[in-house]
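Here's the letter readout for the chains.
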Amino acid sequence: MLQVFRVLTSFGGIRNFLGLVWYDIDTNGKHKIKLRFSWFFFLFCFFLIWLVMYKLNFSCTKTIFFEYTAYDLNFLVLLGFECLESTAFNGIATNLVVYLRNVLHGSNASNAANAATWSGTSYFIPLVGALIADTYWGNYKTILISLTIYLVGMITITVSAFAPSLKPPPCEGSSCQPATRAQNLMFFSGLYLIAFGSGGVRSALLPFGADQFSDENPVEREKKRAFFSWFYVTITFGLLTSGTLIVYIQENVDWALGFGIATLCIALAFGGYLLGTPIYRLRMPSGSPLKSVFQVLVASCRKMSLEVPTDCTLLHEVNDKNSDNLGQERLMHTEEFRFLDKAAIILYSDLKDNDPQSSWKLCTITQVEELKILLRLLPIWVTGILYCTAYSQMNTTFIQQGSAMNTKIGSISIPPASLCSFEVICIMAWVLFYNKIIVPITRSYIGNGRGLSQLQRMGIGRFLMILAMATAAFVEARRLERGKAGEYISIAWQLPLYFIIAGSEVFSLITQLEFFYGQAPDTMKSMCTAIALLTISFGNYLSSLIVTLVDLATTRGGSPGWISEDLNSGHLDYYFLALTGLSALNFAAYLSFARNYTLKKTF
């Protein structure tokens, strides 16, 4: 045993053990080697996640081997659900363009347009699903119905990929027969059912999981904070699993089998979700949040000529605690946006038997404060979009930068896109570092028992993004300098960059989900969570716009531009410096907004 350990810990042993997947693509037995690595990497990451959670002393981890409680089981069931859902969704999304090109024989332009439209739809639907969940169905029912649609869509595209009559024949040389209208209809019907189903799940699952823990119980409040962290980790782990295992099977074994595995993941998630029904805490829908918003706007405009009383107790609020019986919180009055307080000014004409005649004329303080919360969240949300613009470089320009480097470390050749797997491991390391080192230190230093606030954590994440972009610019400048001498720097130069990005992601993106959920009124939990997730989508759109504008501005007069086809002729470092400046401005704006942010207060 000692001899085996010595072999593995030697450089050659590690190279042969981990380097199987990175041998030259012409090596015989390539497919078998890659599959072995995928299984090793999958099991290794699963073990790492369990180890980190166990070291963090999460009670949910200990229940795996010792004792079970209902809410610990909720924790595990919903995290397992999200891991399976993320694996299934990314098993479709990651390789969608390849399937459209290689199997349905679509053109590059139409494939890009179809993939972008579908991706945009899947990120827009959560907002619609959140409104439905908060208004009519509740989170549990929304997830259940969305899962049904999701599963039907997965089965549809699996059948489409399996049946020869539902896809065009393989290409013969350079001659490729495009898919017929019926074949496209079959596949895209399933694809958009997946978009609607996944959007509905995405809108309700995170707030549903958070509903399982009570803020009034300190132990459960701590578990809720852990839930947000590990919910995000399971999303990333699902992406890693689909990118290593499902994508390999799709491209090297069979597309139908790859889609079938993704379908099985959704079926398992569906079954596990149903089995957990008896132990879930359910929060009932409380009416349309948008209706309340418009009522406040209309009522305040009707009374725009009135003066707001200095004594807030003169404003209208429900005193019989009917809202408490419905499980809704009542919000305390704040001094910001005083114009909206006019909606709660009581006039005799608004009352009938001491009760308001219409909510379009007289609103409660709680309704007014709900709208104020949305207005306060808006600036934080905008800084989240700008943050995600820089964050999205990890899937675009960072990979392009890595492609222009020496991708070998020793004798191991590392594809640039595979460094995203390194980032996943770094996320786990940062979570462990934060919970075991930063939290205890900040708790004792600040003395509030909780450590860093959510706003402080998001600020740290945005500051780390400045360091990440500056690091990318430095690495690119170094690469260009060495490139002029005909040398290629090692892709290992990018490892610190991905490590910093992982830390920024832990502090900013994970905390942002927790913050928006915590600040959201009871009637808008799902909607605010969906809005928080939209920053990722809008950040990608803004990144595409910036790239287009930079390309137009820097390619005039025959110049190759900053983001040239040949990066050695361009100046990608200038682009990263521009993003560094944008991130710095965004950080400064965030500090201003966060410093003046008024947290939600309840009775």
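If you check an unreviewed UniProt entry, the protein appears there as Protein NRT1/ PTR FAMILY 8.3-like isoform X1 from Phoenix dactylifera. We quote the UniProt Subcellular location (unreviewed entry) comment for the protein here in full: "Membrane". Taken directly from UniProt, the Sequence similarities (unreviewed entry) text for the protein runs: "Belongs to the major facilitator superfamily. Proton-dependent oligopeptide transporter (POT/PTR) (TC 2.A.17) family."

(A) How the structure looks around the overall build of the protein. Helix and strand content of the protein: 19 helices and 4 strands. For the protein, the proportion of its 603 residues judged to be buried stands at 49%. Within the protein, residue pairs in contact and separated by at least 24 positions form 81% of the contacts whose partners lie at least 6 positions apart. Total accessible area computed for the protein in this model is approximately 28100 Å², and 65% of it derives from carbon and sulfur atoms.

(B) Just helix H8 (residues 181-210), in detail. Over its 30 residues, H8 runs 44 Å from end to end, which matches the ideal 44 Å to within 8%, given 1.5 Å per residue. The sharpest bend along H8 reaches about 30° and sits at Ala204, with the proline Pro207 one to four residues further on. The element H8 is extensively covered by neighbouring structure, given that 21 of its 30 residues are classed as buried.

(C) Focus on the state of the cysteines. Counted by the stated rule, this structure contains 1 disulfide. Two residues share a disulfide in this structure: Cys171 and Cys176, whose sulfurs sit 1.9 Å from each other. Here the S-S torsion is close to 115°, and the disulfide linking Cys171 with Cys176 is therefore right-handed. The exposure class of Cys176 is partly exposed, given its relative accessible area of 37%.

(D) Structural view of the nonpolar core. In terms of nonpolar packing, the biggest core is built from 137 residues, with Phe187, Phe398 and Ile501 touching the most fellow members. Residue contacts for Ile501: discarding those within four places in its chain leaves Tyr391, Met394, Phe398, Glu423, Met465, Ala468 and Met469.

(E) How the structure looks around the environment of Thr158. Tracing the backbone through its elements, the reader meets Thr158 in helix H7 (residues 108-162). Polar side-chain contacts of Thr158 include one of 2.8 Å to the side chain of Thr263.

(F) Fine view of the packing of helix H13 (residues 365-391) against helix H16 (residues 454-484). Following both chains from N to C, one finds H13 and H16 inclined at 30°, their axes separated by 10 Å at the closest point. By the criterion of interaxial angle, the relationship of H13 to H16 is roughly parallel. You can see that H13 and H16 cross each other, and the crossing is left-handed. Along the contact surface, H13 presents Ile380, Thr383, Gly384, Tyr387, Ala390 and Tyr391, while H16 presents Leu455, Met458, Gly461, Arg462, Met465 and Met469. Of the residues that constitute the contact of H13 with H16, the class distribution is 8 nonpolar, 3 polar and 1 charged.

(G) Quick look at a nonpolar patch on the surface. On the surface, Leu290, Phe294, Leu297, Val298 and Trp360 cluster together into a nonpolar patch covering about 400 Å² of accessible area. Within the secondary structure layout, Trp360 lies in the loop between strand E2 (355-356) and H13. Using a relative accessible area of 34% as the deciding quantity, one classes Trp360 as partly exposed.

(H) Here's a closer look at the pattern of salt bridges. This model, assessed by the stated rule, comprises 8 salt bridges. The partner of Asp341 in a salt bridge is Lys372, and the shortest N-O contact between them spans 2.9 Å. Of this pair, Asp341 sits in the loop between helix H12 (322-325) and strand E1 (351-352) while Lys372 is found in helix H13, placing the two residues 31 residues apart along the sequence. Take Lys372: its relative accessible area is 0%, and that puts it in the buried class. Put simply, Arg482 and Glu487 hold a salt bridge, and the shortest N to O gap is 2.8 Å. On the basis of relative accessibility, which here comes to 27%, the residue Arg482 falls in the partly exposed class. One salt-bridge network, held together by shared partners, links Glu336, Asp341, Glu369, Lys372 and Arg376.

(I) Quick peek at helix H19 (residues 572-595). Taking 1.5 Å as the rise per residue, H19 with 24 residues should run 34 Å; its terminal C-alpha atoms sit 34 Å apart, in good agreement. Leu572, Asp573, Tyr575, Phe576, Leu579, Thr580, Ser583, Asn586, Phe587, Tyr590 and Ala594 are the residues of H19 that are buried. At its buried positions, H19 is contacted by H13, helix H14 (397-403), H16 and helix H18 (525-554).

(J) The packing of aromatic side chains, seen in detail. One pass over the full model with this rule turns up 27 aromatic pairs. Ring centres of Phe463 and Phe587 lie 5.7 Å apart, and the angle between their planes is 55°; on these two criteria the pair is classed as tilted. Linking Phe463 in helix H16 with Phe587 in helix H19, this pair joins segments that are 124 residues apart in sequence. Looking at Phe587, the relative accessible area reads 18%, which means it is buried. The interplanar angle of 50° and the centroid separation of 6.0 Å between the aromatic rings of Tyr575 and Phe576 together place this pair among those described as tilted. With respect to burial, Tyr575 and Phe576 carry one shared label: buried. Connected via pairs of aromatic rings, a cluster forms that spans Phe81, Tyr140, Phe208, Tyr273 and Tyr280. In this structure, Arg202 packs its charged tip against the face of Phe89, placed 4.8 Å from the ring centre. Directly above the aromatic system of Tyr387 lies the positively charged group of Arg462, at a separation of 5.6 Å from the ring centroid.

(K) Structural view of the packing of helix H9 (residues 218-252) against helix H17 (residues 495-519). The interhelical angle for the contact between H9 and H17, taken along N-to-C directions, is 125°, at an axis separation of 10 Å. If you check the angle between H9 and H17, you find them oblique. Crossing handedness for the pair H9 and H17: right-handed. The segment H9 lies against H17, with Lys224, Arg225, Phe228, Ser229, Tyr232 and Thr236 engaging Glu505, Leu509, Ile510, Leu513, Glu514 and Tyr517.

(L) Examining the environment of Gly209 more closely. Within the secondary structure layout, Gly209 lies in helix H8. Relative accessible area serves as the criterion here: at 0%, Gly209 is assigned to the buried category.

What counts and how
Residues numbered from 1 in each chain as written. Predicted model: local features only at pLDDT ≥ 70, side-chain atom pairs only at ≥ 80, totals over all residues. Heavy atoms only, no water. UniProt positions renumbered as here; feature names shortened; annotations may be inferred. Helix = DSSP H or I, 4+ residues; strand = E, 2+ residues; numbered from the N terminus. Buried < 20%, exposed > 50% of the residue type's maximum accessible area, 1.4 Å probe, protein only. Contact = heavy atoms within 4.5 Å. Areas by Shrake-Rupley, 256 points an atom, 1.4 Å probe, with all protein chains shown as cover. Expected span 1.5 Å × (residues − 1). Bend = angle between axes of the 7 residues up to and from the residue. Disulfide = S-S within 2.5 Å. Core = buried A, V, L, I, M, F, W, Y, C linked by side-chain atoms within 4.5 Å. Polar contact = N/O pair within 3.5 Å; in protein donor to acceptor, adjacent residues only side chain to side chain. Axes fitted to C-alpha atoms, helices over the stretch in contact; angles between N-to-C directions. Parallel < 35°, antiparallel > 145°, perpendicular 65-115°, else oblique. Left-handed = near helix turned anticlockwise from the far one by under 90°. Nonpolar A, V, L, I, M, F, W, Y, C, P; charged D, E, K, R; others polar. Patch = residues over 30% accessible without salt bridge, like charges linked within 9 Å, V, L, I, M, F, W, Y side chains within 5 Å. Salt bridge = Lys/Arg side-chain N within 4 Å of Asp/Glu carboxyl O. Phe/Tyr/Trp six-rings, centres within 6.5 Å; stacked < 30°, edge-to-face > 60°. Lys NZ or Arg CZ within 6 Å of the ring centre and 35° of its normal.

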